Amino acid sequence: MTEAATPEVRSKPILSQEIAFGIVHLLPLGALFTGATFFDWMVCLFLYVSRMFWITGGYHRYFAHKSYKTSRWFQFVIAFMAQTSAQKGALWWAAHHRHHHRYSDTPKDPHSMKVYGFWYSHVGWIVGPDFKETDYKVIGDYAKYPELVWLNKHYLVAPVSLAVFVTALGGIVNGGSITTMFTSAGLSTLFIGFFLSTVILYHATFSINSIMHYFGKPRYKTGDESKNNLLLALLTLGEGWHNNHHYYEVASRQGFFWWEIDISYYILRGLAAVGLIWDLKEVPKHILHSTDKQNAQELRKQMEKDRPPIAGGEVQKPLEEDVVDY
Ligand SMILES: [Zn+2]
Ligand SMILES: [Zn+2]
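Here the structure is a predicted model, which is why all the values come from computation and not from measurement.

Trainee: Provide a residue-level description of the packing of helix α3 (residues 38-64) against helix α4 (residues 72-83), including the pertinent values.
Mentor: Two numbers describe how α3 lies on α4: the axes approach to 8 Å, and their chain directions differ by 125°. By the angle class used here, α3 and α4 are oblique. You can see that α3 and α4 cross each other, and the crossing is left-handed. Seen from α3, the contacting residues are W54, I55, G58, Y59 and Y62; seen from α4, they are I78, A79, M81 and A82. The residue inventory of the contact of α3 with α4, partitioned by class, reads eight nonpolar, one polar and no charged.

Okay, here's the thing in structure tokens:
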């Protein structure tokens, strides 16, 4: 449990600046006029699942936590694909998330449900004016790449490109020709395939910030309110193992045991198998089987003592540290 402290004063949203965010929520209703085809619903499902992966595997596990390595060109692909979810720039997303871990469930946490309540932690901090800017100092390890800074500043390029592509695809599949993309054929795919999945993605992601610090069980003592929850883990491709994640945030997996389903991790393993990413950080044994950080250190010392000596008097490499290296 964190100590009670005085919450910061957080500004209320300026409604005129949030009209676009509101309209995105209303656009799926456009399907009441265009109708929706089976294809549109399939696009909706596909764009939910695939973009959820890029949010968790990209924004979160790569940019916020550096839980694996990749090449410069694929790093750009990851940022672009994550940004198709319309959750702003990868550097903006990751910098705020690093703040969340640093100050979890204290007044400085951008979105603590414990300190600021459900609505603020879910959506208030996003629509309010306090967290609009990217703190490039916090994300200096990636802000040194000009292409990522460009993408971060022009964060609408990726979602708008996807929206246009999806509308054209709808025209071709529903209407038989790309020339029908601005009729009901293409627009229904835009409303349901793109916008509905975008809105559901928003609230699934926001739920990690809000209710994942409330509903579920903690396995480890982390000093914050983070919890593990299977249902959220299934809906968010693995992010529901949030207490595990707060305990050892640099790991590329958040389901620490085989029964903790973590689909993003399986996909990351697949990308590693084909050589697109590498050096996935695993969970050291002394972390896995401990109850809190002090206990983990004791286990680590014990495990180092128990290791058999190396022939020839060579010094054993120390066991992996549970440090955050960013
Ligand atoms: Zn959290
Ligand atoms: Zn995190």
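So, next bit.
Trainee: A description of α3 should follow, citing residues and the corresponding values.
Mentor: Over its 27 residues, α3 extends 36 Å from the first C-alpha to the last, a length consistent with the 39 Å expected when each residue adds 1.5 Å. Most of α3 sits out of view: 19 of its 27 residues are buried. After α3 finishes, the residue K66 shows a positive phi value of roughly 50°.

Trainee: Tell me about unusual backbone geometry, residues and numbers included.
Mentor: Despite not being glycine, K88 shows a phi value in the positive range, around 65°. Assignment of secondary structure puts K88 in the loop between α4 and α5 (90-102). We classify K88 as buried; it has 20 C-beta atoms within 10 Å. A positive phi is found at D105, a non-glycine position, where the angle reads about 60°. D105 gets classed as buried once you count the C-beta atoms within 10 Å, which come to 23.

Calculation rules
Residues numbered from 1 in each chain as written. Chains lettered and ligands numbered in written order. Predicted model: local features only at pLDDT ≥ 70, side-chain atom pairs only at ≥ 80, totals over all residues. Axes fitted to C-alpha atoms, helices over the stretch in contact; angles between N-to-C directions. Helix = DSSP H or I, 4+ residues; strand = E, 2+ residues; numbered from the N terminus. Parallel < 35°, antiparallel > 145°, perpendicular 65-115°, else oblique. Left-handed = near helix turned anticlockwise from the far one by under 90°. Contact = placed C-beta atoms within 7 Å. Nonpolar A, V, L, I, M, F, W, Y, C, P; charged D, E, K, R; others polar. Expected span 1.5 Å × (residues − 1). Buried ≥ 20, exposed ≤ 12 C-beta atoms within 10 Å, placed from the backbone.

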